[in-house]
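# Coordinate inspection notes
Listed below are the residues making up each chain.
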Amino acid sequence: MRRQGFEKGVTVAVSGDGAIDVSPEVRAALDAGRPVVALESSIVAQGFPRPRNREVGRAMSAAVRDGGAVPAMTAVIDGRIRLGLDDAGLDRLASTDSIKCSARDLGMAMASGATGATTVAATLRIAAMAGVRVFATGGIGGVHPGGGAADVSADLPELGRCPVAVVCSGAKSVLDLPATLERLETEGVPVVGVGCDELPAFHTRESGLALKYRMDDVGELARAVAAHWSLPGAGAVLVCNPPPADTAMARAELDGLVGQALAEADRDGVRGDAVTPFVLAALNRLSAGRTLEVNHALAVSNAALAARLAGAMVA
Ligand code: PSU
Ligand code: MN
C-alpha cells in the first residue's frame with residue numbers, strides 16, 4: 001500500500017491501520033498519494049460550546065478542501081477508531097456527550113465500545129498508523145504550571161514518537177510555555193514558525209519565546225520536514241502559525257484572564273484531563289466570548305495552512 005509522501009528511502013514507523021476504519025474518500029486519497037490532512041475531534045467535543053463546535057468542525061474541513069486536500073477527522077465511534085469522519089459522525093460528537101480520548105484511552109474505548117473525541121495525542125497515533133503526514137489543530141497540550149507533580153499533556157511524548165507535521169498556533173498561555181518548549185526539545189521535535197519568530201501563545205501572537213526556525217515558504221517547509229524524516233526514529237515537526245492578526249488578543253489583555261481561569265480551576269479542584277476543557281470554558285466566559293472568536297479563526301487558518309503544506313509534501 002502507498003503511503004503519503006516521502007516513500008523513497010525513508011524509514012517511517014507505520015504499524016498498519018488494520019484497527020482503523022478509514023473512510024473510502026481518505027483511503028482513495030492515501031492510495032493515490034493525494035494530500036490528506038488529519039483533524040482532531042476533541043476540539044469539537046470538548047474545546048467549543050454547542051452549537052459553535054459543529055460550525056468549527058465543518059469550517060476546518062471546508063478550509064482543508066479549499067486548500068486542495070482531503071480532511072480526515074479522527075474519533076472513536078461505538079468502539080471503532082475512525083479516520084475520515086462523515087457529517088453524521090461529526091454531528092454526533094458535536095451534539096452529545098462523549099469521552100475525551102487521549103493516547104491512553106484509545107484501546108480502552110475500543111474494548112468498551114465507547115464513543116470518544118480524540119486529542120492531539122490520539123490523533124497523532126491514528127495518523128501515524130494510517131500514513132497521514134499532516135495534521136491541523138488549534139493548540140497543543142503542554143506542561144501545566146505546578147512544579148513537582150506537573151500535569152504534562154500526553155501530546156508532548158506522542159509528538160516525539162509520531163512522524164506527522166502538526167500545524168497549530170502554539171499552546172495556550174495558561175500553560176508553562178518555557179517548560180513546554182524545553183520538553184519539545186527533549187522529545188526531538190523541531191518547532192518552526194511560519195510568519196512568526198516567536199512561539200505563538202494561541203490567543204495571542206506573542207509569547208516572548210524565540211523560535212530557532214522560521215520558514216515562511218511551504219515548499220521550504222516541506223523539504224525541511226522531508227529531511228527530518230530521512231533520519232530514523234524521527235517524530236513530529238511542530239509548525240506554528242500565529243492566530244490571524246484581526247482576531248488575536250493582546251498579551252496584556254490575556255494575562256489577567258489566565259490568572260483568573262487558573263485560580264478558578266484550583267478553587268474547584270479540577271484535575272487531569274478535565275483541566276484543559278475547564279480552562280477554555282472559563283476563558284470564554286471571562287473574556288465575554290473573545291477567546292472563542294480567536295480560537296475559531298486560528299483553527300480555520302491552521303487547517304488552510306496544513307492543506308497547502310500537504311500539497312507541497314506530495315508535489
Ligand atoms: N488546547 C486548546 N483547545 C483544545 C485542546 C487543547 O486550545 O481543544 C485539546 C486538544 O485536543 C489537546 C488536548 O490535544 O486538549 C490536550 O488535553 P490535555 O492537556 O488533557 O492533554
Ligand atoms: Mn493533562
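Let me sum up the structure you'll find in this document. The structure presented is a predicted model; accordingly, all values stated were derived computationally and were not measured.

Another point: the site of ligand 1. Around ligand 1 sit 16 residues, and of these Glu40, Lys100, Val120, Ser153 and Asp155 come closest. Within the side chain of Lys100, a nitrogen or oxygen atom sits 2.8 Å from an oxygen atom of ligand 1. Within the complex, the protein chains bury 96% of what would otherwise be the 480 Å² of accessible surface of ligand 1. Listing elements by their share of the shell around ligand 1, those giving two or more residues are α2 (42-47) and α11 (275-286). Broken down by element, the residue count for the shell around ligand 1 peaks at three residues, all from α2. Residues belonging to the shell around ligand 1 are distributed by class as follows: four nonpolar, seven polar and five charged.

We now examine the environment of Leu257. Of note, Leu257 is situated in helix α10 (residues 251-267). The class of Leu257 is buried, set by a relative accessible area of 14%.

Attention now moves to the nonpolar core. Ranked by internal contacts, the top residues of the largest apolar core, which has 63 residues, are Leu83, Ile140, Leu159, Val166, Leu184 and Leu238. Of all the elements, helix α6 (residues 120-130) adds the most residues to this core, at eight residues. Judged by nonpolar contacts, the second largest core, of 41 residues, contains Ile43, Met73, Ala306 and Leu309.

Two elements in contact, α10 and α11, have axes whose closest approach is 9 Å; the angle formed by their N-to-C orientations is 130°. As the angle between them shows, α10 and α11 are arranged oblique. Here α10 and α11 pass one another in a crossing that is right-handed. Residues Leu257, Val258, Gln260, Ala261, Leu262, Glu264 and Ala265 of α10 lie in contact with α11, whose contacting residues are Phe278, Val279, Ala282, Leu283, Arg285 and Leu286.

Attention now moves to the environment of Ala312. Examined against the element boundaries, Ala312 turns out to sit in helix α12 (residues 290-314). Distance from Ala312 to Thr204, taken between C-alpha atoms, is 28 Å for residues 108 residues apart in sequence. Those residues in contact with Ala312 that sit more than four places away from it in its chain are Val218, Gly219 and Ala222.

Here we take up the pattern of salt bridges. If you walk through the whole model with that rule in mind, you get 20 salt bridges. A salt bridge links Arg82 to Asp86; the nearest nitrogen and oxygen atoms lie 3.7 Å apart. In this structure, Arg285 and Glu264 form a salt bridge, with 2.7 Å as the shortest nitrogen-oxygen distance. Note that Arg285 is positioned in helix α11 and Glu264 in helix α10, a separation of 21 residues in sequence. Residue Glu264 is classed as buried on the basis of its relative accessible area of 12%.

Quick notes on the rules
Residues numbered from 1 in each chain as written. Chains lettered and ligands numbered in written order. Predicted model: local features only at pLDDT ≥ 70, side-chain atom pairs only at ≥ 80, totals over all residues. Heavy atoms only, no water. Near = heavy atom within 4 Å. Polar contact = N/O pair within 3.5 Å; in protein donor to acceptor, adjacent residues only side chain to side chain. Areas by Shrake-Rupley, 256 points an atom, 1.4 Å probe, with all protein chains shown as cover. Helix = DSSP H or I, 4+ residues; strand = E, 2+ residues; numbered from the N terminus. Nonpolar A, V, L, I, M, F, W, Y, C, P; charged D, E, K, R; others polar. Buried < 20%, exposed > 50% of the residue type's maximum accessible area, 1.4 Å probe, protein only. Core = buried A, V, L, I, M, F, W, Y, C linked by side-chain atoms within 4.5 Å. Axes fitted to C-alpha atoms, helices over the stretch in contact; angles between N-to-C directions. Parallel < 35°, antiparallel > 145°, perpendicular 65-115°, else oblique. Left-handed = near helix turned anticlockwise from the far one by under 90°. Contact = heavy atoms within 4.5 Å. Salt bridge = Lys/Arg side-chain N within 4 Å of Asp/Glu carboxyl O.

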